[in-house]
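Close look at the chain arrangement
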Amino acid sequence: MKHLTHSLIVAAMVATSIFAISHAKAAPEARAFGETWQPQAAPVKDQAQVVYYRVGEAGKKPAALVTLNGELHAALLPGMFTRICVQPGTYTLGALLDAPDAQQQNFAEFQAALKPGKTYFVRVNTQADGKPQAVRRIEAERQLPLLRLQQHVLSRSSAVVECRYDEELKVKKASH
């Protein structure tokens, strides 16, 4: 039963992504791609944040389907990032390159215990069928300034909440 449920989820995500991408091929509107990466203050204490990103790649590449607890969050294009804010807890992060020959067995997931007020960085590893790869902040912050916020797909993950940041903490760090 679990295999069938997982198959249905993957099939739904692939169909949704194909529909979204096929309709987005006409000249994308400027609002589809947000600002370039800017570091944020830490999330407030009742949230954790995951910055999921994908470095730019030459040539036409399929979207990477990014999931949270098996629910579609984004169809991440090369050169883009997305922010995922959730209540602290344990979550399943997943990704799959949305290629025509995408196979369910290529869908990669891992469990992450997300702590209050913390930010985590995950990169789409396109060399490994889109497998999510946890990355240290210092490495992520070298790659992120070249990327843009992807905002043209609405998250379907029920765990995602609007990001809120501890601006007081940002002001304290800036004054030191």
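Right above here is the structure, for reference.
Now for a description of the structure that goes with this document. Because the structure is a prediction, the values reported are computed rather than measured.

So, on to the overall build of the chain. Of the regular secondary structure elements, the chain holds 3 helices and 10 strands. Along the chain direction, N to C, the helices and strands of the chain fall in the order α-β-β-β-β-β-β-β-β-β-α-β-α. By residue count, 39% of the 176 residues in the chain fall in the buried class. Sequence separation of 24 or more characterises 73% of the internal contacts of the chain that already satisfy a separation of 6 or more.

Its identity is not glycine, yet N69 carries a phi of approximately 55°, on the positive side. Secondary-structure assignment places N69 in the loop between strand 3 (64-68) and strand 4 (71-76). Residue classification places N69 among the partly exposed residues on the basis of a relative accessible area of 38%.

Now for the sheet that holds strand 8 (residues 119-125). Sheet strands associate in pairs through backbone hydrogen bonding, adopting either a parallel or an antiparallel arrangement. Strands sit in the order 1-10-5-2-8-9 across an open sheet of 6 strands; the sheet is mixed. Taken across any chain shown, the strands that pair with only one partner, and hence form the sheet edges, are strand 1 (33-36) and strand 9 (131-135). Strand-to-strand twist of the sheet, defined as the mean angle between neighbouring strand axes without regard to direction, takes the value 35°. Looking at chain direction, strand 2 (residues 48-54) and strand 8 are connected through 5 bridges and run parallel.

Summed over all chains, the structure comprises 2 aromatic pairs. Both rings, one in W37 and one in F81, keep their centres 5.2 Å apart while their planes meet at 80°; by these two values the pair is edge-to-face. Placement of W37 in the loop between strand 1 and strand 2 and of F81 in strand 5 (residues 80-86) is noted, with a sequence separation of 44 residues between them. Taking 6.4 Å as the distance between ring centres and 70° as the angle between the ring planes, the aromatic pair formed by W37 and F121 counts as edge-to-face. Of this pair, W37 sits in the loop between strand 1 and strand 2 while F121 sits in strand 8, placing them 84 residues apart in sequence. Site record: aromatic cluster; members linked through ring pairs are W37, F81 and F121.

Criteria and thresholds
- Residues numbered from 1 in each chain as written.
- Predicted model: local features only at pLDDT ≥ 70, side-chain atom pairs only at ≥ 80, totals over all residues.
- Heavy atoms only, no water.
- Helix = DSSP H or I, 4+ residues; strand = E, 2+ residues; numbered from the N terminus.
- Buried < 20%, exposed > 50% of the residue type's maximum accessible area, 1.4 Å probe, protein only.
- Contact = heavy atoms within 4.5 Å.
- Pairing = 2+ DSSP bridges.
- Axes fitted to C-alpha atoms, helices over the stretch in contact; angles between N-to-C directions.
- Phe/Tyr/Trp six-rings, centres within 6.5 Å; stacked < 30°, edge-to-face > 60°.

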